[in-house]
Amino acid sequence: MFCVIYRSPKRDQTYLYVEKKDDFSRVPEELLKGFGQPQLAMILPLDGRKKLVNADLDKVKQALAEQGYYLQLPPPPEDLLKQHLSVVRENKSDAKR
């Protein structure tokens, strides 16, 4: 099984996986409007792979089989303030000991 991956020109780190090159017939029109004109990123064999970098291989295969596409969204932004406050609290509790 192969998939074709396109990047969105409108949304950073957003990718659309489809089964065949330039075949968006099973992708909802509204999704394509928000995605923008798909830009070819790569053609990728899925058979024999154990994992993908930023997507769950089983979910990708299932979505391609059931709906004909898979939409990969960017990871949620890091909450740097939360991380900083956690470190500060940790340091305060260490200082009290």
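In this text the structure is predicted, and so the values were computed from the model without any measurement. (Residues numbered from 1 in each chain as written. Predicted model: local features only at pLDDT ≥ 70, side-chain atom pairs only at ≥ 80, totals over all residues. Heavy atoms only, no water.)

Let us look at the pairing of strand β2 (residues 15-18). Where strand β1 (residues 2-7) meets β2, four bridges bridge the pair, whose relative direction is antiparallel. Bridged to Tyr6 within β2 is Leu16. Pairing analysis gives four bridges linking β2 to strand β4 (residues 69-72), with the strands arranged antiparallel. From the neighbouring strand, Tyr15 faces β4, where its bridge partner is Gln72. (Pairing = 2+ DSSP bridges. Helix = DSSP H or I, 4+ residues; strand = E, 2+ residues; numbered from the N terminus.)

As a further point, take the packing of aromatic side chains. Applying the stated criterion across every chain yields a total of two aromatic pairs. Between the aromatic rings of Tyr17 and Tyr70, the centroid separation amounts to 5.4 Å while the plane-to-plane angle is 85°, which identifies the pairing as edge-to-face. Of the two residues, Tyr17 sits in strand β2 while Tyr70 sits in strand β4, which places them 53 residues apart along the sequence. An identical accessibility class is assigned to Tyr17 and Tyr70; each is buried. (Phe/Tyr/Trp six-rings, centres within 6.5 Å; stacked < 30°, edge-to-face > 60°. Buried < 20%, exposed > 50% of the residue type's maximum accessible area, 1.4 Å probe, protein only.)

Turning to the UniProt feature "domain: YcgL" (unreviewed entry) in the chain, a few remarks are in order. In the numbering adopted here, UniProt assigns the feature "domain: YcgL" (unreviewed entry) to residues 1-85. The span residues 1-85 shows a helical share of 28% and a strand share of 25%, and its end C-alpha atoms are spaced 46 Å apart. (UniProt positions renumbered as here; feature names shortened; annotations may be inferred.)

What follows covers the layout of surface pockets. Taken as a whole, the largest pocket holds about 310 Å³ of empty space. Taken together, 16 residues form the lining of the largest pocket, with Tyr17, Met42, Val53, Asn54 and Gln72 sitting closest to its centre. Counting residues per element, the ones that place at least two in the lining of the largest pocket are β1, β2 and β3 (39-45). Ranked by the residues each element gives to the lining of the largest pocket, the list is headed by β3, at three residues. Here the lining of the largest pocket is composed, by residue class, of 11 nonpolar, three polar and two charged. (1 Å grid on protein atoms, 1.4 Å probe; cavity = no way out; pocket = protein on both sides within 12 Å on 5 of 7 lines; lining within 4 Å. Points joined across faces, edges and corners; volume = space filled by probe spheres on them. Nonpolar A, V, L, I, M, F, W, Y, C, P; charged D, E, K, R; others polar.)

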